[in-house]
Amino acid sequence: MDLKTELEKMLAGELYLASDPELAQMHADARRLLYEHNASHPDHIAQRKDIVRRLFGGIGTDFVVRPPFYCDYGCNIFAGDRLYINYDCTILDCGIVQIGNDVLIGPKVQLYAAFHPTDPQIRLSGKELSASSAICNFVLLGRGAIVCPGVSIGDNVTIGAGSVVTKDVCVGAIAVGNPCRVIKRRP
């Protein structure tokens with residue numbers, strides 16, 4: 001018999017039930033914080049920063065997270081210094097989402113650690129999967145980019161607008177397209 005909690009299974013990348021009471025409560029707590037953040041007055045910058053600090057698992061200094069912002073749990077997002085997240089970003093953080101220093105995230109960017117099994121019988125059971133992702137330092141994610149589960153993006157990378165990143169991107173790359181591919185490497 002498996003003695004792991006559904007949270008432990010989720011973070012380990014194993015099949016888990018998102019309907020588990022502990023996960024449902026964590027999700028509800030995040031939704032309340034997101035509501036406060038997204039409904040905040042435009043002049044209440046300090047209030048929004050405090051909400052993000054309570055929502056994220058960890059965040060560095062000098063950050064901006066523009067509303068609206070969406071995530072599953074928030075507590076599985078860890079970000080470094082000088083993070084900038086533009087409007088309408090979604091981070092499905094069922095796995096750990098690690099974001100480095102000096103990262104710029106354009107509007108409508110989507111970072112996914114969550115996905116569903118391809119086997120219909122497993123999918124019908126309600127079980128889900130996750131795969132942690134990492135966005136390293138000095139990365140620019142262009143508007144509308146989608147980063148798929150389990151992907152790592154190296155230091156000094158630029159991802160073009162509208163790109164769908166399905167595989168790891170190496171250090172110093174400029175990558176674009178669907179699927180995203182490297183078109184240039186910085187020296």
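Residue numbering note: each chain is counted from 1, following its sequence as written. Predicted model: local features are reported for residues with pLDDT of at least 70 only, side-chain atom pairs are reported and counted for 80 or more only, and whole-chain, interface and lining totals are derived from all residues. Only hydrogens and water are removed before side-chain values are computed, so all heavy atoms of the structure are retained for them.

1. Focus on the overall build of the protein
Selection rule: Every helix listed is a DSSP run of H or I at least four residues long, and every strand listed is a run of E at least two residues long, numbered separately from the N terminus. For every residue, the accessible area (1.4 Å probe, protein chains only) is compared with the maximum for its type, and the residue is labelled buried under 20%, exposed over 50%, or partly exposed between those bounds. Contacts: residue pairs with any heavy atoms within 4.5 Å of one another.
Assigned secondary structure in the protein consists of four helices and 20 strands. Dimensions of the protein along its principal axes, counting C-alpha atoms only, are 50 × 40 × 25 Å. When each of the 187 residues of the protein is scored for burial, the buried share is 42%. Within the protein, counting contacts between residues at least 6 apart in sequence, those at least 24 apart form 26% of the total.

2. Some remarks on the environment of Ala134
Tracing the backbone through its elements, the reader meets Ala134 in strand 13 (residues 133-135). The spatial distance from the C-alpha of Ala134 to the C-alpha of Ile99 is 5.9 Å, given a sequence separation of 35 residues. Once residues lying within four places of it in the same chain are set aside, the contact partners of Ala134 are Gln98, Val151, Ser152 and Ile153.

3. Describing the pairing of strand 20 (residues 181-185)
Where we set the bar: Paired strands, as defined in this entry, are two strands with at least two bridges between them according to DSSP.
In terms of residue burial, strand 20 counts as a barely covered element, since only zero of its five residues are buried. Taken together, the four bridges between strand 19 (residues 173-176) and strand 20 define a ladder with antiparallel strand orientation. Looking at the pairing, Ala173 lines up with Arg185 of strand 20. Here strand 19 folds back onto strand 20, and the loop between the two strands holds four residues, one of which, Gly177, carries a positive phi near 100 degrees.

4. Points about the sheet that holds strand 9 (residues 104-105)
In spatial order, the strands read 3-6-9-14-17-19-20; together these seven strands make up an open sheet with mixed pairing. The open sheet terminates on both sides in strands that have one partner only, identified here as strand 3 (64-65) and strand 20.

5. Quick notes on the pattern of salt bridges
Formally: Each salt bridge in this description consists of a side-chain nitrogen of Lys or Arg and a carboxyl oxygen of Asp or Glu lying within 4 Å of one another.
Enumeration according to the criterion identifies seven salt bridges in this entry. Salt-bridge contacts for Lys4 lead to Glu14; the nearest nitrogen and oxygen are separated by 2.5 Å. Note that Lys4 is positioned in the segment before helix 1 (6-11) and Glu14 in the loop between helix 1 and strand 1 (16-17), a separation of ten residues in sequence. Of the residues examined, Glu14 reaches a relative accessible area of 28% and is grouped as partly exposed. A salt bridge links Arg54 to Asp50, with the nearest nitrogen and oxygen atoms 3.3 Å apart. Within this pair, Arg54 and its partner Asp50 are both found in helix 3 (residues 45-55), separated by four residues, close to a single helical turn. Here the salt bridges share partners, and the residues they tie into one network are Glu36, Asp50 and Arg54.

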